[in-house]
Amino acid sequence: MLFIWSWFISVGIVFVSGALCLYSRIPERYVYIHTRLLLLPAAAALIGWIGAGSGTEVGAWRFDGISWLMAFYISLLSWIIQTFSLRYLHGDRAYRHYFWLLTWTAGAASVIWSSNDLRVMAICWGLPFVGLAALTWLKREWAPSRAAAMQMGIMFLASWLAVAVLAVWIWTVTGKWSMSAALLADQLAEISFWGRIAMNGLLLLAALIPAGQWPFHRWLLESAVTPTPVSAVMHAGLVNAGGLLLARFSPLFNMPAAHEALFIIAFLSILLGTGISFVHVDYKRQLVASTMAQMGVMFVQCALGAYGAAVVHLILHGLFKATLFLQSGSVVPRPERIVRVKGGGSWWGGALIGLAVGMAFWIASPSEPTRLFSALLLGASMMIAWGRLADFREGRWLGLVTVVMLALASEEVRHFLTEFVQAALPSGSAPPSALEWLAFVLFASAAIVTFWIVRHRSSLLFVRFYMWLVHFGEPRLSTVEPHPHYLSIYVKEGASDE
């Protein structure tokens, strides 16, 4: 109980501190104090995570291992991003508002996964997305920013309504607002077949929209207009929420048809997101498309019943993607930095290494959930890594040894977190094993077809496919502007003030 109240108090302190940032009589340098206070909920969540047991319920709240883990992850991420924003956003007209809204968004996101009441879950689900849309709206003088914020608001409202309708529907059938009680097998047995189909559809809608999956991907691709810290929050935290939502409701989301539909949508999203990231030259758009693909991988894991692996994936991807966004300025080429490369390594060498690593993982991990799919991804990753290392004249073997050591260390961390998360998740029925074999065949076939197309770049098929991906990934006209006219407005306002 002490851990829980300490966390709630620290979150309250952070919210009050964020609100103080808006007060004009408070010096602007107060934001430096505010960012240090953000470590309070992170520390409280870490202590709670270390001492977490099977779960503690306090009224409408339930704190278990996942609740503490997500609270720590989101709080730590918020501190990192807001610390980065101290200098990056300095001089912006809405400088104070950014810190308040970033605090609101992160705080609301961390509260969601501690709720054990369907009403609280339904209310809290949309609050971080309100903060995200408001962060995008802050630069409302810029037409693309207004258009992106409006599109976000519409899509997020649909997701919010889906969760609200689902919560009320579950209550009308089971008569319980408590999630842990309503999702028991005997309670779910009272739901009719068609009712389950509709509820699974609502869960799919609520989860796919914030993740930017096809056919709801447009808002994500056009979110590149947001400032870098906002993009980091978006891609490191909020787009991942759908996977954890499905994991929390896994006892209800257990129909084979729902898993198959989720897999098909996720598979298409992976293909589209990966293709867009390869053909576009805008680095930020590449990262956005990469998030679309990575969220597809997370949903494939959910479709195969590996919810623990999906939750760990969203955490590790969030940290990785936040780093990429915050380091995006380093991709600008520097004249003094010269990298010597050669023609590239042989593809068959990478294929053999990838096959060996994938087979070794398959043999050494008999208890791994979706080990066939995981072995395929690991083997493909090693093949790509070998291709990248073989491009460099110097440091190839040292780089290979470093990659292997880091891969082993990350695998230990992933395995520990997966077991920890899986033990805290509610048990649900596993999808048919044929779905995992279907995933293996489809991904392997897609890789072979992609390899053939890339090897025949002069063919008409490659040209059409390339141009179609470029067109598919382009933003709408309302979210682009040839000239930032809002800067002219700023200049005129500054001249009039003088």
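Keep in mind that what you see is a predicted model, and the values were worked out from it rather than measured.

### Some details on the overall build of the protein
And then number 1: Scanning the protein from terminus to terminus reveals 22 helices and two strands.
And then number 2: Within the span of the protein, comprising 498 residues, buried residues form 49% of the whole.
And then number 3: Accessible surface, the protein: about 23800 Å² in total, of which carbon and sulfur atoms supply 69%.

### Overview of the packing of aromatic side chains
And then number 1: Throughout the structure, instances matching the rule amount to 23 aromatic pairs.
And then number 2: With 6.0 Å between their ring centres and 65 degrees between their planes, F15 and W104 make a pair best called edge-to-face. Taken as a pair, F15 in helix α1 (residues 2-20) and W104 in helix α5 (residues 95-112) lie far apart in primary sequence, 89 residues in all.
And then number 3: Ring pairs connect the aromatic residues W5, W7, F8, W61, F63 and W68, which therefore count as one cluster.
And then number 4: For the cation-ring pair, R29 lies above Y32, with the distance from its terminal atom to the ring centre recorded as 4.6 Å.
And then number 5: If you follow R218 out to its NZ or CZ, it ends over the ring of F472, 6.0 Å from the centre.

### As for the packing of helix α14 (residues 256-279) against helix α15 (residues 283-303)
And then number 1: Packing of α14 against α15 brings their axes to within 7 Å, and their N-to-C directions diverge by 155 degrees. Judged on the interaxial angle alone, α15 and α14 are roughly antiparallel. Where α14 crosses over α15, the handedness of that crossing is left-handed. Across the interface between the two elements, H259, L262, F263, A266, F267, S269, I270, L272, G273, T274, I276 and S277 from α14 touch Q286, A289, S290, M292, A293, G296, V297, F299, V300, C302 and A303 from α15.
And then number 2: Residues belonging to the contact of α14 with α15 are distributed by class as follows: 15 nonpolar, eight polar and no charged.

### Topic: α15
And then number 1: If you check α15, its first and last C-alpha atoms are 30 Å apart, about what 21 residues at 1.5 Å a residue would give, namely 30 Å.
And then number 2: Within α15, 17 of the 21 residues are buried, which leaves the element mostly enclosed by the surrounding structure.

### As for the side chain of D117
And then number 1: Relative to the elements of secondary structure, D117 occurs in the loop between α5 and α6 (118-137).
And then number 2: Here D117 falls in the buried class, since its relative accessible area comes to 10%.

Reading the values: rules and limits
Starting from 1, residues in each chain are numbered consecutively following that chain's sequence as written. Side-chain atom pairs in this predicted model are given and counted only at pLDDT of 80 or more, local residue features only at pLDDT of at least 70, and totals for whole chains, interfaces and linings cover all residues. With hydrogens and water set aside, each side-chain value is computed from the structure's full complement of heavy atoms. A run of H or I in DSSP counts as a helix once it spans at least four residues, and a run of E counts as a strand once it spans at least two, with each numbered from the N terminus. Partly exposed describes any residue whose relative accessible area lies between the buried limit of under 20% and the exposed limit of over 50%, with all areas from a 1.4 Å probe on protein chains only and scaled to the type maximum. All accessible-area figures derive from a Shrake-Rupley calculation using a 1.4 Å probe, and residue coverage is judged against the displayed protein chains alone. Two rings from Phe, Tyr or Trp (for Trp, the six-membered ring) form a pair when their centres are within 6.5 Å of each other. A pair whose planes differ by under 30 degrees is stacked, one over 60 is edge-to-face, and the rest are tilted. In this scheme, the term charge over a ring applies when either NZ of a lysine or CZ of an arginine sits within 6 Å of the ring centre and within 35 degrees of the ring normal. Orientation is described by axes fitted as lines to C-alpha atoms, over the contacting stretch for helices, and by angles from 0 to 180 degrees between their N-to-C directions. Here roughly perpendicular refers to angles of 65 to 115 degrees, roughly parallel to angles under 35, roughly antiparallel to angles over 145, and oblique to all remaining angles. Two helices that cross are described as forming a left-handed crossing if the nearer one is turned anticlockwise from the farther one by less than a right angle, and a right-handed crossing if clockwise. For this analysis, residues touch if any pair of their heavy atoms sits within 4.5 Å. Each residue gets one label: Ala, Val, Leu, Ile, Met, Phe, Trp, Tyr, Cys and Pro are nonpolar, Asp, Glu, Lys and Arg are charged, and the others, such as Gly, are polar. To estimate the expected span of a helix, count its residues, drop one, and scale the result by 1.5 Å.

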